Structure formats: structure tokens, C-alpha cells
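This is what each chain is made of:
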Number of protein chains: 2
Amino acid sequence: MEYKKTIGVLGGMGPAATADFLGKLVKFAQAEKDQDHPRVVIDCNAKIPDRIVSILDNGPDPLSTMLRSVKYLEIAPVDYIVIPCVTAHYFHSQLQANASVPILHIVRETVSFLTDRYPHVKKVGTIATLGTIKSGLISDICDAAGINCIVPDDVLQASAVAEAIHQIKMSGLCPTAKHLVHIAAESLIAKGAQAIIAGCTEVPLVLSDGDLSVPVLDPSAILAQQALRMAL
Amino acid sequence: MEYKKTIGVLGGMGPAATADFLGKLVKFAQAEKDQDHPRVVIDCNAKIPDRIVSILDNGPDPLSTMLRSVKYLEIAPVDYIVIPCVTAHYFHSQLQANASVPILHIVRETVSFLTDRYPHVKKVGTIATLGTIKSGLISDICDAAGINCIVPDDVLQASAVAEAIHQIKMSGLCPTAKHLVHIAAESLIAKGAQAIIAGCTEVPLVLSDGDLSVPVLDPSAILAQQALRMAL
């Protein structure tokens, strides 16, 4: 097995999720020696302005910085680009419109995986940033696939999900963040979720498939697998 | 704490060591939000020809491919470059001669750390590729610092060290690789090594400080810490 294409990663949103994504690309690759692996070019640009603040509070626009990274990746040259950050896909169509290579869409890949692998699922719980939730980034694509997407109530969203994502961004894996994410996931299962989407790339660092009574989908892992398939 | 410089990583030698290095940069950074982290640009170029085969058997020269990656990183622009692969430093002076930014030297950083932190150490054991050993990459720098560098005998080098590194490159962490590396390390301690240098960036994936009766130095971690200090 040899991966011949070059994968571009628009990263840094956040850095821990990017490191986790690169680890997945390496782990999932079927390789017997270094040279079998794909070339992967990563702009782990932590300086991209906060996406959530931009979406919710009209903060500094991250688009121009993201676009500069896309242009830099194109020089490598990369064959396509992936973004291991769900919230950043709010800007996907604007990035794609200005890119000369395809930019995979982490949510489309995830929902496509969900409908293929778990066709019985009609109600899915999502653990994501408020920016992702308010922008309908996951729910719109679920709706189009005939899947009802539910999210934690406002109190749990703020006190458990947002707090856990903040802690992971600050210090990586931590027991408190894991506990908070699990509380949020259990609340969604209690409301009838037949699967959970770890809908922020920080979440799979503390929530894995097998942890809950329903399947857990890791968009970052699904994106890595798809990027590798395309690299063959 | 805010890291303002951009770190360039000439990676892919091997990919697992590069992913491990990025994880260390993220973990060691003192950051409260994404934007506090440094921008890190990584060319994880697994297609660079095998360094060991080039050094030992006059195989295809990796230098031109490495230089292309250096030039690409300079475009980012990066403020300096690190290479999370010990053996690749065989080409350090040629890369530095053609680069417009500083390229840190993983072995110099490691030996400098060793003499600062453990001034009593006069005999150090090194677990590294045959390319690193034969080229004197670590032993020359140790000699200059008044430290005697010892390595496993030929049989252990081939059957334990080279085999373990190959397994890690193939499949990441694995119990057999860990066992083999530990056998090699114990043989060096039996010969009087007062510290062990995990002298190939794949080795720290299966050998950590605290695992042995003497300190274990991880050049990849030492390089990450130095890169972060320089990024402030």
C-alpha cells in the first residue's frame, strides 16, 4: 500500500485537535516503511482568530487568515485539504470558493459514514461548540439525511460542553473534561439519541466509541480515514 | 504566555515521530487558549528517501528532498526549523548551509541538556539507528563534552534496536518494540551507562524517563522545549 497524494491540513483550531488528527493519519495508514505514508503538510496556525467569537459575537473574522493558510498549502502542492475542526467548517464554502483544490467537509463525511454504517439511526446527539450548534452546521446536514439532531440544553451546553472543550484546549486530556463530556452525552441518550457525534475535534480526546451504550462517531477519525482513502 | 514566533518542522522521518513531536509542542506549551500557542508549520514528508540506507549503503540521496522542504517552510515564513529525527542530522550542516533561517540541532540540544541537568554523567548509553551510530552523530558531540558514549553490541543493535525501530515505524506503539528497546537499554546500564539517550525519535514512544534505574533523555522532548523557549 502506498499513498501517493499529498494531504494538506488547515490546522491549529485547536492545536491539540490537529496533533490528534496527525496521530490518526499515521496510525490508520497501512504502511511498512516511512515512504509508504502520504506526505502531509500541516499549517497548525494557532493564530487564526477565534471562530466561535466570530460566529456568535461578530468578533475578528478568521477567514482571511484561514485563506492565507489555504494558499500556503496549495504551494506545497497539496492534492486536497482537510480541516480537523468542526466549527471552522462554518467558513467551508467561502474557503472552497477561493481554493484551487478540493476541501473535504468533515460534517458531510461524518453524516455519510453514519447513514452507511448505522442506517437505523434516526436521532443523533451532538456534542459541539455553541458556534457549531447555532450555525446549524451539523443539524442542517443531518436534516437533509432525514436524521433528527439533538443537543444538550443551554445549561449543560455552557457548564459541561463549553467548559470541557475549554479545558481540553488549555491542557489536553483531563479527567474533569472527560467527566463533563460524559454527563452531556448521557443526557442526550436519555432523550433518545441512538448515536453520539463527538462534534468538536477536541471531544474525541475524552470520548471514544465503546464508552457509551450507543455508538460514538469521531468526525476527526472519519476525516482521517477518508483522507487516506483519497491519498491512495 | 504567548508564543509569537513560527516554528518550522521538517518532518516525516518518520511520520510517527513527527506526530509525537507535534503532540509534545502542544502539551508543553503554556497556553490558555488556541491563540497563545505558536504557529507550527510541518512538512511531514514521508517521501524523503531513507536516511540510513543513504548513509550506510550509498542509497538515494535524501538531501535534495529535504532541502525542498526547508525552502517550502521558509515561505511560511518560519523563524527557525527543527527536525524531529536524529539520523537526519547527518545532513544538518548541508541543510543549514542552504537555509536562510536557523536549524536547531537535536543532538547538541540533548547533550547540552545532559551536561546542565546531570553533570555527574560521564558515560551515556545511546539507543539509535545504525546510521546515527556509524556516523558518530551522537558520540562526536558527547566526546567534545567529555562524555563517553556507549552503544549496544552488534547483535543487540540488529536484533533489538533496529527491529524495534522498524516495528514502531510500521505500527506505532507495540509491546514487542518496547520489550526489545528495554533489553538494549538494560545491556547499556550493565556496562556502566549512567543515563540513556533515546537517540532515535521513534524510541521515546516506547521508553520514558522513570522506566529505568538511570535517567532517560528524550531528544524529541528536549527539542520541543527548546523550540518553545525560542518561540516566546
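Residues numbered from 1 in each chain as written. Chains lettered and ligands numbered in written order. Predicted model: local features only at pLDDT ≥ 70, side-chain atom pairs only at ≥ 80, totals over all residues. Heavy atoms only, no water.

### Considerations on the pattern of salt bridges
Right, on to step 1. The full count for this structure, using the stated rule, is 14 salt bridges over all chains.
Right, on to step 2. The partner of Lys-47 of chain B in a salt bridge is Glu-2 of chain A, and the shortest N-O contact between them spans 3.6 Å. Taken together, the positions of Lys-47 of chain B in the loop between strand S2 (39–44) and helix H2 (51–57) and Glu-2 of chain A in the segment before strand S1 (6–11) put the pair across two chains.
Right, on to step 3. By relative accessible area, which is 40% here, Glu-2 of chain A ends up partly exposed.
Right, on to step 4. Among the ionic pairs, Asp-36 of chain A bridges to Lys-33 of chain A, the shortest N-O distance being 2.9 Å.
Right, on to step 5. With a relative accessible area of 8%, Asp-36 of chain A lands in the buried category.
Right, on to step 6. Take Lys-33 of chain A: its relative accessible area is 46%, and that puts it in the partly exposed class.
Right, on to step 7. When salt bridges with common partners are traced through the structure, they connect Asp-20, Lys-24 and Asp-218 of chain A into a single cluster. (Salt bridge = Lys/Arg side-chain N within 4 Å of Asp/Glu carboxyl O. Helix = DSSP H or I, 4+ residues; strand = E, 2+ residues; numbered from the N terminus. Buried < 20%, exposed > 50% of the residue type's maximum accessible area, 1.4 Å probe, protein only.)

### A few points about the relation of the copies chain A and chain B
Right, on to step 1. For the pair chain A and chain B, the relating rotation is 180°, the translation along its axis is 0.0 Å, and the fit reaches an RMSD of 0.0 Å. Considering both components of the superposition, the chain copies are consistent with a two-fold axis. For chain A, the smallest separation between a C-alpha atom and the rotation axis is recorded for Ile-42 of chain A, amounting to 2.5 Å.
Right, on to step 2. Of all interface residues in chain A, 100% are interface residues in chain B too; the two copies therefore contact each other through one and the same surface. (Least-squares fit on C-alpha atoms with pLDDT ≥ 70 in both. Contact = heavy atoms within 4.5 Å.)

### Focus: the environment of Val-203 of chain B
All names here are of chain B.
Right, on to step 1. Here Val-203 lies in the loop between strand S6 (195–198) and strand S7 (216–217).
Right, on to step 2. Judged by its relative accessible area of 0%, Val-203 is buried.
Right, on to step 3. When the C-alpha atoms of Val-203 and Ile-168 are compared, they prove to be 8.2 Å apart, with 35 residues separating the residues in sequence.
Right, on to step 4. Leaving out residues up to four positions away in the same chain, Val-203 has contacts with Ile-127, Ile-165, Val-181 and Ala-198.

### With respect to the packing of aromatic side chains
Right, on to step 1. Summed over all chains, the structure comprises three aromatic pairs over all chains.
Right, on to step 2. Considering the side-chain rings of Tyr-72 of chain A and Tyr-72 of chain B, the 4.4 Å spacing of their centres and the 10° angle between planes classify their relative orientation as stacked. Here Tyr-72 of chain A is found in helix H3 (residues 63–75), whereas its partner Tyr-72 of chain B is found in helix H3 (residues 63–75) on a different chain. Accessibility assignment for this pair places Tyr-72 of chain A and Tyr-72 of chain B in one class, buried.
Right, on to step 3. Aromatic pair Tyr-90 of chain A and Phe-91 of chain A: ring centres 5.0 Å apart, planes at 80°, arrangement edge-to-face. (Phe/Tyr/Trp six-rings, centres within 6.5 Å; stacked < 30°, edge-to-face > 60°.)

### Quick word on helix H1 (residues 15–28) of chain A
Right, on to step 1. Taking 1.5 Å as the rise per residue, H1 of chain A with 14 residues should run 20 Å; its terminal C-alpha atoms sit 20 Å apart, in good agreement.
Right, on to step 2. H1 of chain A sits mainly inside the fold: ten of its 14 residues count as buried.
Right, on to step 3. For H1 of chain A, every residue scored as buried is listed here: Pro-15, Ala-16, Ala-17, Thr-18, Ala-19, Phe-21, Leu-22, Lys-24, Leu-25 and Val-26 of chain A.
Right, on to step 4. Where H1 of chain A is buried, its residues touch S1, strand S2 (39–44), strand S3 (80–82) and helix H10 (219–231) of chain A together with helix H1 (15–28) of chain B. (Expected span 1.5 Å × (residues − 1).)

### Thoughts on the confidence of the model for chain A
Right, on to step 1. The predicted model of chain A averages 95 in pLDDT, with 99% of residues at 70 or higher.
Right, on to step 2. Reported for the predicted complex are a pTM of 0.94 and an ipTM of 0.93. (pLDDT = per-residue confidence, 0-100.)

### Considerations on helix H9 (residues 175–190) of chain B
Residue and element names in this part refer to chain B.
Right, on to step 1. Between the first and last C-alpha of H9 there are 23 Å, a value that for 16 residues agrees with the 22 Å anticipated at 1.5 Å per step.
Right, on to step 2. Of all the residues in H9, the buried ones are Ala-177, Leu-180, Val-181, His-182, Ala-184, Ala-185, Ser-187, Leu-188 and Ile-189.
Right, on to step 3. Looking at the buried positions of H9, the neighbouring elements they touch are strand S4 (123–127), strand S5 (148–150), helix H8 (154–171) and S6.
Right, on to step 4. Note on H9: the residue one or two positions beyond its end, Gly-192, has a positive phi of about 105°.

### Here's the deal with the packing of H1 of chain A against H1 of chain B
Right, on to step 1. It is at 9 Å that the axes of H1 of chain A and H1 of chain B come closest, and there the two elements cross at 165°. Relative to H1 of chain B, the element H1 of chain A lies roughly antiparallel. In this structure, H1 of chain A meets H1 of chain B at a crossing whose hand is left-handed. From H1 of chain A, Pro-15, Ala-16, Thr-18, Ala-19, Leu-22, Gly-23 and Val-26 of chain A reach across to H1 of chain B, where they touch Pro-15, Ala-16, Thr-18, Ala-19, Leu-22, Gly-23 and Val-26 of chain B.
Right, on to step 2. Each residue belonging to the contact of H1 of chain A with H1 of chain B can be placed in one class, and the counts come to ten nonpolar, four polar and no charged. (Axes fitted to C-alpha atoms, helices over the stretch in contact; angles between N-to-C directions. Parallel < 35°, antiparallel > 145°, perpendicular 65-115°, else oblique. Left-handed = near helix turned anticlockwise from the far one by under 90°. Nonpolar A, V, L, I, M, F, W, Y, C, P; charged D, E, K, R; others polar.)

### Thoughts on the sheet that holds strand S7 (residues 216–217) of chain A
Residues and elements named next belong to chain A.
Right, on to step 1. Judged by pairing direction, the sheet is parallel, and its four strands sit side by side in the order S5-S4-S6-S7 without closing on themselves. Both edges of this open sheet fall to strand S5 (148–150) and S7, since each of them pairs with a single strand only.
Right, on to step 2. Bridge count between strand S4 (residues 123–127) and strand S6 (residues 195–198): four bridges; the pairing is parallel. Opposite Val-124, over in S6, you have Ala-195 as the bridge partner. (Pairing = 2+ DSSP bridges.)

### A few points about the pairing of strand S1 (residues 6–11) of chain B
Residues and elements named next belong to chain B.
Right, on to step 1. With six of six residues buried, S1 is to be regarded as a mostly interior element.
Right, on to step 2. Along S1, one buried face is formed by Thr-6, Gly-8 and Leu-10 and the opposite face, lined by Ile-7, Val-9 and Gly-11, is buried too.
Right, on to step 3. Bridging between S1 and S2 involves six bridges; their strand directions are parallel. Note on S2: the bridge partner recorded for Val-9 is Ile-42.
Right, on to step 4. Viewed along the sheet, the connection from S1 through H1 into S2 turns out right-handed.
Right, on to step 5. Where S1 meets strand S3 (residues 80–82), three bridges bridge the pair, whose relative direction is parallel. Considered in S3, the bridge of Gly-8 is made with Ile-81. (Right-handed = clockwise from strand over helix to strand, strands pointing away.)

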